[in-house]
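These are the residues of each chain, in order.
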Amino acid sequence: MPEISDVLIMDVSGEIGHRNTKHCVCISVSKDKYLLINTNHRKNFDDFMINSSDYGFLGDIDRFVSCFKTYNFNSDRIIKKVGNINYNDMMKIIDKIQKSKSINQAEKEVVIPELDKWRFDNS
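Residues numbered from 1 in each chain as written. Predicted model: local features only at pLDDT ≥ 70, side-chain atom pairs only at ≥ 80, totals over all residues. Heavy atoms only, no water.

Engineer: Could you clarify how one ought to interpret the overall build of the chain in this entry?
Structural biologist: Tallying secondary structure elements over the chain gives 2 helices and 7 strands in all. Going from the N terminus to the C terminus, the chain shows its helices and strands as β-β-β-β-β-β-β-α-α. Expected size for 123 residues packed as a compact globule is a radius of gyration near 14 Å; at 13 Å, the chain falls within 12% of this value. Dimensions of the chain, computed from the C-alpha atoms along their principal axes, are close to 35 × 30 × 30 Å. The 123 residues of the chain split such that 43% are buried. In the chain, the proportion of contacts linking residues at least 24 apart, taken out of those at least 6 apart, comes to 61%. Element-wise, carbon and sulfur atoms account for 47% of the exposed surface of the chain, whose accessible area totals about 6900 Å². The positive charge centre, built from 18 side chains, and the negative charge centre, built from 18, are 5 Å apart in the chain. (Helix = DSSP H or I, 4+ residues; strand = E, 2+ residues; numbered from the N terminus. Rg over C-alpha atoms; globule rule 2.2 N^0.38 Å. Buried < 20%, exposed > 50% of the residue type's maximum accessible area, 1.4 Å probe, protein only. Contact = heavy atoms within 4.5 Å. Areas by Shrake-Rupley, 256 points an atom, 1.4 Å probe, with all protein chains shown as cover. Lys, Arg positive; Asp, Glu negative; His and termini not counted. Charge placed at Lys NZ, Arg CZ, Asp CG, Glu CD.)

If you want it as structure tokens, here you go:
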């Protein structure tokens, strides 16, 4: 079972309908809820850049954490864990989710308490 802040390669075939994507790099933000890490900045994805120098699993390419939507995936879709998002970047994620206009309140009521517990446990 993934922990909050785990970065995982997941099989998302049939779940994400763009470019016939089969695998994505995802960040766990709650039980069975994930954010996607994208290669390119997309303003409408309410994203922010994570630096490749902070994460070996990114190689030498900076990436972007999309915070406009959480995705529900069962843990059986995990291919492998590749690392964790650091505290400072998790704080950006928490802030973006709290302020998000695209994530509905019911979703926030599930995710925010778990992220707040993670913040308390890791501060």
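Engineer: Honestly, the packing of aromatic side chains in this entry has me stumped. Any pointers?
Structural biologist: The description of an aromatic ring pair uses the distance of the two centres, along with the angle that the planes make with each other. For the structure shown, the criterion picks out 5 aromatic pairs. For the pair Tyr71 and Phe73, a centre-to-centre distance of 6.1 Å together with 5° between the ring planes defines the contact as stacked. Owing to a relative accessible area of 14%, Tyr71 belongs among the buried residues under this scheme. The class of Phe73 is buried, set by a relative accessible area of 2%. With centroids separated by 5.7 Å and ring planes inclined at 20°, the aromatic side chains of Tyr87 and Trp118 adopt a geometry described as stacked. You can see Tyr87 sitting in helix α1 (residues 87–99) and its partner Trp118 sitting in helix α2 (residues 105–122), a full 31 residues away along the chain. When its relative accessible area of 31% is taken as the criterion, Tyr87 is described as partly exposed. Trp118 sits in the buried class, given a relative accessible area of 11%. These aromatic residues form a ring-pair network of at least three members: Tyr34, Tyr71 and Phe73. (Phe/Tyr/Trp six-rings, centres within 6.5 Å; stacked < 30°, edge-to-face > 60°.)

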